[in-house]
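# Residue-level structural notes
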Amino acid sequence: MSANPFDSFAAHKEWLVCVDSDGCAMDTMDSKHHTAFCPELIRVYGLQEYAQIITPYWMQVNLYSRTRGVNRFKGLAATLNMLLERGICVPHAQELIDWAAHAPKLSNPALEQAIAAGGGKGLAQALEWSRAVNAAIAQMGDDSKPFPGCADALRKVHEKTDTAVVSSANSEALAEEWTRHHLADHMDVVLGQDAGTKEACLTALSAKGYAPHHVLMIGDALGDLSAAQHAGALFYPILVGREEESWNRLVQEALPRFLDGTFEGDYQEMLLQEQRAILK
């Protein structure tokens, strides 16, 4: 990936559709959190005696609530803060909590730069955890797969629009997954956490020359909605537990509305109400 991944992207069509990965296009979210993110947090931080507190909290924050899909370091910071509030001492945790709250980019390279600039043990341990998560995910093997209906939907979307993956996942793993499952064939650019926040990525892509309301973000989390709103983009939710239905409805109903200008307003609000009913 180049220093600026946006340099190689240019608008070729009138519309742009951006797509999140884990839990939206790829049916990998639950397994990654149960197999990699949470167990490695407990192991790296030596918190085995608090596993019964940490595990349900981690899953609620990252999978089953309004913060579903949050950046990994924000999820880590929230969990460490929860432990501190319960009086459980986690050495140097406050340094990571502060960094996650204020850093413009939340990724391994950004963390490495912060450590090189004088960061302490709190940042170093967070980097150790994040690298361990990536290694654990790699060891999971080829159990990732797109949700039913996703590949066909993305193919049909790409026929009409420019397309981009906008994800907070590890960039290398993201590119490998999308290439292995041939989803990258339907994408003009694949942007992971190293490219910046979802808000920053959507804003940079929107600035490539698209008219207002000609950019659509597809995501499964309210954080994806927030990123879309920040960038002035429209939003289409992939509903948790109703992923196949959502991908089919995108092609049959939402995409035509997006292209003819009738997506915004009552139709989008109806979709958002369905999402909010699930992610309370």
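This text gives an overview of the structure that appears in the document.

## Some words on the sheet that holds strand E2 (residues 162–166)
Reading across the sheet, the five strands line up as E3-E2-E1-E4-E5 and stay open at both edges, with parallel pairing between neighbours. The open sheet terminates on both sides in strands that have one partner only, identified here as strand E3 (189–191) and strand E5 (234–237). Across the sheet, the mean angle separating the axes of adjacent strands is 20° when strand polarity is ignored.

## Quick word on the pattern of salt bridges
Applying the stated criterion across every chain yields a total of 16 salt bridges. The partner of Lys32 in a salt bridge is Glu177, and the shortest N-O contact between them spans 3.1 Å. Pair noted here: Lys32 is in helix H1 (residues 29–44) and Glu177 is in helix H8 (residues 171–180), with a separation of 145 residues, a long-range link. The class of Lys32 is buried, set by a relative accessible area of 5%. The exposure class assigned to Glu177 is buried, which follows from its relative accessible area of 6%. Here Glu159 and Arg155 are joined by a salt bridge, their closest N and O atoms 3.2 Å apart. Highlighted residues: Glu159 and Arg155, both in helix H7 (residues 150–160), separated by four residues, approximately one helical turn. Look at Arg155 and you get partly exposed, because its relative accessible area is 34%.

What counts, and where the lines are drawn
- Residues numbered from 1 in each chain as written.
- Predicted model: local features only at pLDDT ≥ 70, side-chain atom pairs only at ≥ 80, totals over all residues.
- Heavy atoms only, no water.
- Pairing = 2+ DSSP bridges.
- Helix = DSSP H or I, 4+ residues; strand = E, 2+ residues; numbered from the N terminus.
- Axes fitted to C-alpha atoms, helices over the stretch in contact; angles between N-to-C directions.
- Salt bridge = Lys/Arg side-chain N within 4 Å of Asp/Glu carboxyl O.
- Buried < 20%, exposed > 50% of the residue type's maximum accessible area, 1.4 Å probe, protein only.

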